[in-house]
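Summary of structural features
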Amino acid sequence: MDADAGARYDELRHGLHDLAAAMPAVMDGFMRLHRNAVTEGALSQRTKELMALAIAVAIRCEGCIAFHVHDAVRAGATREEIAEAMGVAVLMGGGPAAVYATEAMRSYDRFAEA
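Residues numbered from 1 in each chain as written. Predicted model: local features only at pLDDT ≥ 70, side-chain atom pairs only at ≥ 80, totals over all residues. Heavy atoms only, no water.

1. Concerning the overall build of the protein
What counts, and what does not: Here a strand is any run of E in DSSP of at least two residues, a helix any run of H or I of at least four, and the numbering for each starts at the N terminus. Here the globule rule reads 2.2 Å times residues to the power 0.38, and the radius of gyration is calculated from C-alpha atoms.
When its secondary structure is counted, the protein shows 5 helices and 0 strands. Listing the helices and strands of the protein from first to last along the sequence gives α-α-α-α-α. Here the C-alpha radius of gyration of the protein, 14 Å, is about what a compact globule of 114 residues would show, namely 13 Å. The dimensions of the protein, computed from C-alpha atoms along their principal axes, are 35 × 35 × 30 Å.

2. Structural notes on the packing of aromatic side chains
Two descriptors summarise a pair of aromatic rings, namely the distance from one centre to the other and the angle between the planes of the rings. The test is simple: Two rings belonging to Phe, Tyr or Trp (six-membered ring only in the last case) form a pair when the distance between their centres is within 6.5 Å. Interplanar angles under 30 degrees mark stacking, angles over 60 mark edge-to-face geometry, and anything in between is tilted.
Evaluated as defined, the whole model comprises 2 aromatic pairs. A ring pair is formed by Tyr9 and Phe67, whose centres lie 4.9 Å apart and whose planes are at 55°; its orientation type is tilted. Placement of Tyr9 in helix α1 (residues 5-22) and of Phe67 in helix α4 (residues 62-74) is noted, with a sequence separation of 58 residues between them. With a centroid separation of 6.1 Å and 80° between ring planes, the pair formed by Tyr9 and Phe111 is classed as edge-to-face. Of this pair, Tyr9 sits in helix α1 while Phe111 sits in helix α5 (residues 79-113), placing them 102 residues apart in sequence.

3. Structural notes on the confidence of the model for the protein
Defined as follows: pLDDT expresses, on a scale from 0 to 100, how confident the predictor is about each individual residue.
Looking at the protein, pLDDT values average 93 and 97% of them are 70 or higher. Ranking the helices and strands of the protein by mean pLDDT puts helix α3 (residues 45-58) first, with 97, and α1 last, with 91.

4. Some words on the state of the cysteines
Put simply, the rule is: Sulfur atoms of two cysteines make up a disulfide when they are within 2.5 Å. Here's how the labels work: a residue is buried when its accessible area is under 20% of the maximum for its type, exposed when over 50%, partly exposed in between, all with a 1.4 Å probe on protein chains only.
Across all of its chains, the model carries 1 disulfide by this definition. Residue Cys61 pairs covalently with Cys64 via a disulfide, S to S 2.4 Å. On the S-S bond that ties Cys61 to Cys64, the torsion sits near 65°, and the link is right-handed. Among the residues examined, Cys61 registers a relative accessible area of 24% and is labelled partly exposed.

5. Structural notes on the pattern of salt bridges
Pairs can form between side chains of opposite charge whenever their charged atoms are close. What counts is decided by this rule: We define a salt bridge as a side-chain nitrogen of Lys or Arg found within 4 Å of a carboxyl oxygen belonging to Asp or Glu.
Per the counting criterion, the structure on display carries 7 salt bridges. With a shortest N-O distance of 3.9 Å, Asp10 and Arg13 are connected by a salt bridge. Here Arg13 and Asp10 lie together in helix α1, a separation of 3 residues that amounts to about one turn. Since its relative accessible area comes to 35%, Asp10 is described here as partly exposed. The class of Arg13 is partly exposed, set by a relative accessible area of 43%.

6. Some words on the nonpolar core
Rule in force here: Residue types Ala, Val, Leu, Ile, Met, Phe, Trp, Tyr and Cys, when buried and joined through side-chain atoms within 4.5 Å, form a set referred to as a nonpolar core. Throughout, a contact is declared for two residues whenever any of their heavy atoms are within 4.5 Å.
By size, the foremost hydrophobic cluster in this structure holds 24 residues, and its most contacted members are Leu53, Val57, Ile65, Val69, Ile82, Met86 and Ala104. Among the elements of the structure, α1, α3, α4 and α5 are those that each provide at least two residues to this core. Of the residues forming this core, the biggest block, 10 residues, is contributed by α5. Setting aside its immediate chain neighbours within four residues, Ala104 contacts Leu53, Val57, Ile65, Val69 and Met86.

Pasting the structure below:
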């Protein structure tokens, strides 16, 4: 995933667009949920994206990792913040999460240099 983080992100965005065309009511509801869940509130959007990323790593969802690294970078997350979030992910997800955490760190490097 890391070498093609941007391509993976774009591929998933297009796939979700196609899914929305196939089931608009469901995906409209999901997208509203997503927007509202990461909207600034008591927690910043950056914090919420870091939380989502840590969960994505703990449950081993490659596509989710690509999306939430991308969105965390856009929200201003630093490499150090991503690394600390990965520490929490490994705490909650164990050894398999450590493998996915390496993917998240590599994706951060790709998105940050873009």
